[in-house]
Amino acid sequence: MMMRFGQLLAEMMGMNPRVLGDKELARAVRNRMSVCNLEDEEQYLEKLRSSPQEMEAFVEAVVIPETSFFRDKISFTFLGRYVRDEWIPARRAKPLRILSSPCSSGEEPYSIAMTLLEAGLKPGDYEIDALDISRTSLRKAERAAYTQYSFRGVPASLRNGFFESVGNEYVLKDQARQGVCFIHGNLLDGHILANKLPYDVVFCRNLLIYLGTEARAHVTSVIERLVARNGLLFVGHAETSCFPRERFVPLNPRGAFYFRKVEPGPAAIGAGAAAGIPSRVSFPPPVRIAPKKPGTPQRTEQPPREVPKPRDSIAAARQLADQGRLPEAAAMCERLLCEDGANADAYCLLGIVLHGMESFQRAEECLNRAIYLDEQCYDAIVHLSLIREHRGDSAGAEVLRHRAARLQGQTRTL
Ligand SMILES: C[S@@+](CC[C@H](N)C(=O)[O-])C[C@H]1O[C@@H](n2cnc3c(N)ncnc32)[C@H](O)[C@@H]1O
């Protein structure tokens, strides 16, 4: 029976029920049934099918609104640099148009606005559309009042410049609210924002990881339509393999979460290779030629045999990590997550690799996700405890160490 609720969610919003998990799905169904005063699951399924309002309420019960200001700070650093180095010098007559979708409760589009203001634009120089399926999140976004939790990792100086402290909340000042327009919508809808011109910059972060394969393909094609030619696309760090490299060229050399949309062609492929980014387009691997000893008879050169690329798998990614090839291991984990957003092992390994690359915030997010998907993921718990220790949260680290020890079924301190 639960499977049918899962299928309905997948059809309606693209959510992969495996990512949500059986317990969460059952909890949401139970809660909504109790609100509707229904005891029979079949009846509730019928109600969901016949009442758009109830469908919306059910969606609200399962959405994952996790977000924060300047989440994955590096995206905003790149955006600021783009505006300063490219957009402003080009002196375009039109405003810079940006889409943030999904925008959740507004932290992402407002972080974009603050970045643009810091880079030298004024309200009126830009337009930010921010779209989400959750009306509850959008209401919170429009209110623009946040608790300290939304600012994790953000320096107080940045927060204080743009927000006013009111009670235990921080209220965004008008300057950064201007130019941000919130829109209710479903990215699974092929006609979404069809009345809008394509955007110069699109942020589509941390949605694709929650979607099933079909929905992901659908949403990526919608997003592709919404990015203008030569426009920029930002994705989440576990979503970098979701867009075709022939049309989206990675711009950042270390982790490819920032792309420029190009027309397909050899130039585009070359640009990706120049940036040193692993790509879906397979380049022949470099052939190492042993130095010839003087006097060695000349042999007819055979064309170099193509060494097959290892197939993506957790084992192959682990091998890359063991060899110290961390960016390649991370890219492989990301591709695996693009195929299956509920792969706890891939999240765990990605977290460990990112930990090794000293990308602590991203590592923590991945490890948390691994534990969410598999609460017995021992390696994720241990690595998360190390990260907590590293950032001075000894109590948090201790709790995790005990949890890991319990899992091992032994009392010794790890
Ligand atoms: C994890 S948040 C990501 C927010 C933000 N982009 C970030 O990275 O911090 C995911 C958001 O996706 C929204 N969402 C889920 N399915 C959607 C859909 N089919 N169309 C539009 N938004 C959707 C949820 O309501 C939720 O706010």
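First, a word on what this report is: a plain description of the structure on this page. The shown structure was predicted, so the numbers you read here are calculated from the model rather than taken from an experiment.

A count of helices and strands for the protein gives 18 helices and ten strands. Out of the 414 residues belonging to the protein, those deemed buried represent 40%. Pairs at least 24 apart in sequence give 62% of the contacts found in the protein among residues at least 6 apart.

This paragraph deals with the environment of Val249. Within the secondary structure, Val249 is located in strand S9 (residues 248-250). Exposure remark for Val249: the 24 C-beta atoms within 10 Å place this residue in the buried category. Between the C-alpha atom of Val249 and that of Lys261, which follows or precedes it by twelve residues, the distance is 6.5 Å.

In the vicinity of the ligand there are 22 residues, among which Thr67, Pro102, Ser104, Ser134 and Asn206 approach most closely. Looking at the shell around the ligand, its residues break down into nine nonpolar, eight polar and five charged.

Bridge analysis of strand S7 (residues 199-204) against strand S8 (residues 227-235) gives five bridges, and the strand direction is parallel. Within the sheet, the bridge partner assigned to Cys204 lies in S8 and is Val235. Taken together, S7, helix H11 (residues 213-226) and S8 form a β-α-β motif whose crossover is right-handed. Pairing geometry for S8 and strand S10 (residues 258-261), over three bridges, is antiparallel. Pairing of Leu232 across the sheet is with Arg260, part of S10.

It is worth spelling out the sheet that holds strand S2 (residues 126-132) at this point. The strand order across the open sheet built from seven strands is S6-S2-S1-S7-S8-S10-S9, with neighbouring strands paired in mixed fashion. Of all strands in the sheet, those with a lone pairing partner are strand S6 (180-184) and S9, marking the two edges. Along the sheet, successive strands turn relative to each other by an average axial angle of 25 degrees, direction set aside. Of the strands in this sheet, strand S1 (96-100), S2, S6 and S7 are in contact with helix H7 (residues 107-118), which crosses S2 at around 165 degrees. Seen against the sheet, helix H8 (residues 135-143) touches S2 and S6 and runs at an angle of roughly 165 degrees to S6.

Interhelical geometry of helix H6 (residues 73-87) versus H7 gives an angle of 40 degrees and a closest axis separation of 9 Å. In terms of axis orientation, H6 runs oblique to H7. Remark: the crossing between H6 and H7 carries right-handed chirality. Listed contacts from H7 to Phe76, Leu79, Gly80 and Val83 of H6 are Ser111, Ile112, Thr115, Leu116 and Glu118. Looking at side-chain class alone, the contact of H6 with H7 contains five nonpolar, three polar and one charged residues.

Here we come to helix H3 (residues 22-35). Between its first and last C-alpha, H3 extends 20 Å over 14 residues, near the 20 Å set by a 1.5 Å rise per residue. Taken together, the buried positions of H3 are occupied by Leu25, Ala28, Val29 and Arg32. Seen end-on, H3 carries its buried residues on one side only, within an arc spanning 95 degrees. Facing away from the buried surface of H3 by more than 90 degrees, the exposed residues are Lys23 and Ser34. Residues of H3 that are buried make contact with helix H1 (2-13), helix H2 (17-20), helix H4 (41-50) and helix H5 (52-62). One or two positions beyond H3, positive phi appears at Asn37, with a value near 60 degrees.

Below, the discussion takes up unusual backbone geometry. Ser101 connects to Pro102 through a cis peptide bond whose omega is 5 degrees. One can find Pro102 in the loop between S1 and H7. Of note, the phi angle at Ser104 is positive, near 50 degrees, even though the residue is not glycine. The residue Ser104 is located in the loop between S1 and H7 in this model.

As a further point, take the pairing of S10. Relative to S10, S9 runs antiparallel, the two sharing three bridges. The residue of S10 that forms the bridge with Phe248 is Lys261.

A few words on the packing of H1 against H3. A pair of packed helices is characterised by two quantities: the angle between their axes and the separation of those axes. Look at H1 against H3: their axes get within 10 Å of each other, and the N-to-C directions meet at 90 degrees. By the angle between their directions, the pair H1 and H3 is classed as roughly perpendicular. On H3, the residues that touch Met2, Phe5 and Gly6 of H1 are Asp22, Leu25, Ala26 and Val29. For the contact of H1 with H3, the per-class residue count stands at five nonpolar, one polar and one charged.

We now examine helix H16 (residues 360-373). Here H16 spans 20 Å end to end across 14 residues, near enough to the 20 Å set by a 1.5 Å rise per residue. Burial of H16 is extensive: ten of the 14 residues sit out of reach of the surface. For H16, the complete set of buried residues consists of Arg362, Ala363, Glu364, Glu365, Cys366, Leu367, Arg369, Ala370, Ile371 and Leu373. Buried residues along H16 sit in contact with helix H15 (344-356) and helix H17 (378-390).

Turning to the environment of Ala342, a few remarks are in order. Topologically, Ala342 is positioned in the loop between helix H14 (326-339) and H15. When the C-alpha positions of Ala342 and Leu373 are compared, they lie 6.7 Å apart, and in sequence the two are 31 residues distant. The contact partners of Ala342, leaving out residues within four places of it in the chain, are Asn16, Arg18, Val19 and Leu373.

Rules used in this analysis
Residues numbered from 1 in each chain as written. Predicted model: local features only at pLDDT ≥ 70, side-chain atom pairs only at ≥ 80, totals over all residues. Helix = DSSP H or I, 4+ residues; strand = E, 2+ residues; numbered from the N terminus. Buried ≥ 20, exposed ≤ 12 C-beta atoms within 10 Å, placed from the backbone. Contact = placed C-beta atoms within 7 Å. Near = placed C-beta within 6 Å. Nonpolar A, V, L, I, M, F, W, Y, C, P; charged D, E, K, R; others polar. Pairing = 2+ DSSP bridges. Right-handed = clockwise from strand over helix to strand, strands pointing away. Axes fitted to C-alpha atoms, helices over the stretch in contact; angles between N-to-C directions. Parallel < 35°, antiparallel > 145°, perpendicular 65-115°, else oblique. Left-handed = near helix turned anticlockwise from the far one by under 90°. Expected span 1.5 Å × (residues − 1). Arc of directions from axis to C-beta.

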